[in-house]
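# Notes for the structure review
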Amino acid sequence: VSESIRERFLEGVRGDGSKVHVIYNGLHQLPPPPSKKRHILFVGRFQPEKGALDIARALEMVLPEFPDWKGIFIGAARHAPNAKINDYEKEVMAALRPVEKQIEMRGYCTHDQTMQATLEAAIAVVPSQWNEAFGRTGLEAMACGCATISSVRGGLKEVVGDAAYPLNEVSPETIAAGLRRLITDAQERERLQLAGLKRAQFFDIQRVTKMLDEVRRQLLA
């Protein structure tokens, strides 16, 4: 699902690497984004590799400077209703306690609920600490018209291209810098929102399925 995964697949493999094709994940066309709210969105599992604690600590630094902005967290350690809270989640919540009045912890949400929250958010943060195979959360954020702050690890680099504020290093400080930039610079925020919408069209499901059909035709021939 990405060149990053293709390269990993071919490590130590002898033979014709051209037989290994990349077909990106596709996305159905989404409705036009509505008027954006001053929301900063994180969607994902509350695990170290997803960077939930990093964005929590960044929001702890940034939100007091911007009292009309709010942080929205969707997810848990496990994507399931009534999942138990683990120690890492407790650490995330502790980091957010100083700004809890500007935070919504929505926990587990359905896909429709998550997409609605993404459509409403002005900014989305995808602070993955590991090499994502693809990075669907980043794609959905761009497709929903969010100005996206993203790690460029693994497949995420291919997904966001130059349509996101890049986190070459993921830390509370780098995330905070990106947030301050996009909150204070409305023109840059809008530029990335429009760039993300355009970038997401590359992954349109109709285009991706045509690519898959063509690869199958080549193989069967």
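The structure under discussion appears in the preceding block.
Here we summarise the structure given alongside this text. (Residues numbered from 1 in each chain as written. Predicted model: local features only at pLDDT ≥ 70, side-chain atom pairs only at ≥ 80, totals over all residues. Heavy atoms only, no water.)

### What to know about the packing of aromatic side chains
Operational definition: Geometry of aromatic contacts follows a simple scheme: Phe, Tyr and Trp rings, the Trp one being its six-membered ring, pair when their centres are within 6.5 Å, and the pair is stacked under 30 degrees between planes, edge-to-face over 60, tilted otherwise. Only runs of H or I of at least four residues qualify as helices and only runs of E of at least two qualify as strands under DSSP, and these elements are numbered from the N terminus. Only protein chains enter the accessibility calculation, which uses a 1.4 Å probe; a residue is then buried when its area is under 20% of its type maximum, exposed when over 50%, and partly exposed in between.
Evaluation of the coordinates by the stated rule reveals 8 aromatic pairs. With 5.7 Å between their ring centres and 45 degrees between their planes, Phe42 and Phe73 make a pair best called tilted. Of this pair, Phe42 sits in strand β1 (residues 37-43) while Phe73 sits in strand β2 (residues 70-74); the two residues are 31 residues apart in sequence, bridging distant segments of the chain. Take Phe42 and Phe73: they sit in the same class, and that class is buried. A ring pair is formed by Phe202 and Phe203, whose centres lie 5.0 Å apart and whose planes are at 80 degrees; its orientation type is edge-to-face.

### Section: empty space enclosed by the protein
Stated precisely, the cut-off is as follows: As defined here, a cavity is a set of points on a 1 Å grid over the protein atoms alone where a 1.4 Å probe fits but cannot get out. A pocket is an open set with protein on both sides within 12 Å along at least five of seven lines, and residues line them when an atom is within 4 Å of a point. Grid points are joined across faces, edges and corners, and a volume is the space filled by probe spheres set on the points. Each residue is assigned to one class: nonpolar for Ala, Val, Leu, Ile, Met, Phe, Trp, Tyr, Cys and Pro, charged for Asp, Glu, Lys and Arg, and polar for all the others, Gly among them.
Applying the stated criterion to the full structure yields 1 cavity of 30 Å³ or more. Of the pockets and cavities examined, the largest cavity occupies roughly 70 Å³. If you list the elements that add at least two residues to the lining of the largest cavity, you get β1, α4 (111-120), β4 (121-126) and α5 (136-143). For the lining of the largest cavity, a count of residues per class yields 8 nonpolar, 3 polar and 1 charged.

### Some points on the nonpolar core
Where we set the bar: Residues belong to one nonpolar core when they are buried, are Ala, Val, Leu, Ile, Met, Phe, Trp, Tyr or Cys, and are joined through side-chain atoms within 4.5 Å. Every residue pair with non-hydrogen atoms within 4.5 Å of one another is taken to be in contact.
Counting 33 residues, the largest nonpolar core has Ile40, Leu59, Phe73, Val92, Ile123 and Leu179 as the members making the most contacts within it. Every element with two or more residues in this core is listed here: β1, α2 (52-62), α3 (87-96), β4, β5 (147-151) and α7 (172-184). Considering each element in turn, this core owes the most residues, 7 residues, to α2. Ignoring any residue separated from it by four or fewer positions in sequence, one finds Leu179 in contact with Ile40, Ala58, Leu59, Val62, Ile123, Val125 and Ile149. Judged by nonpolar contacts, the second largest core, of 15 residues, contains Val22, Ala143, Ala163 and Ala164.

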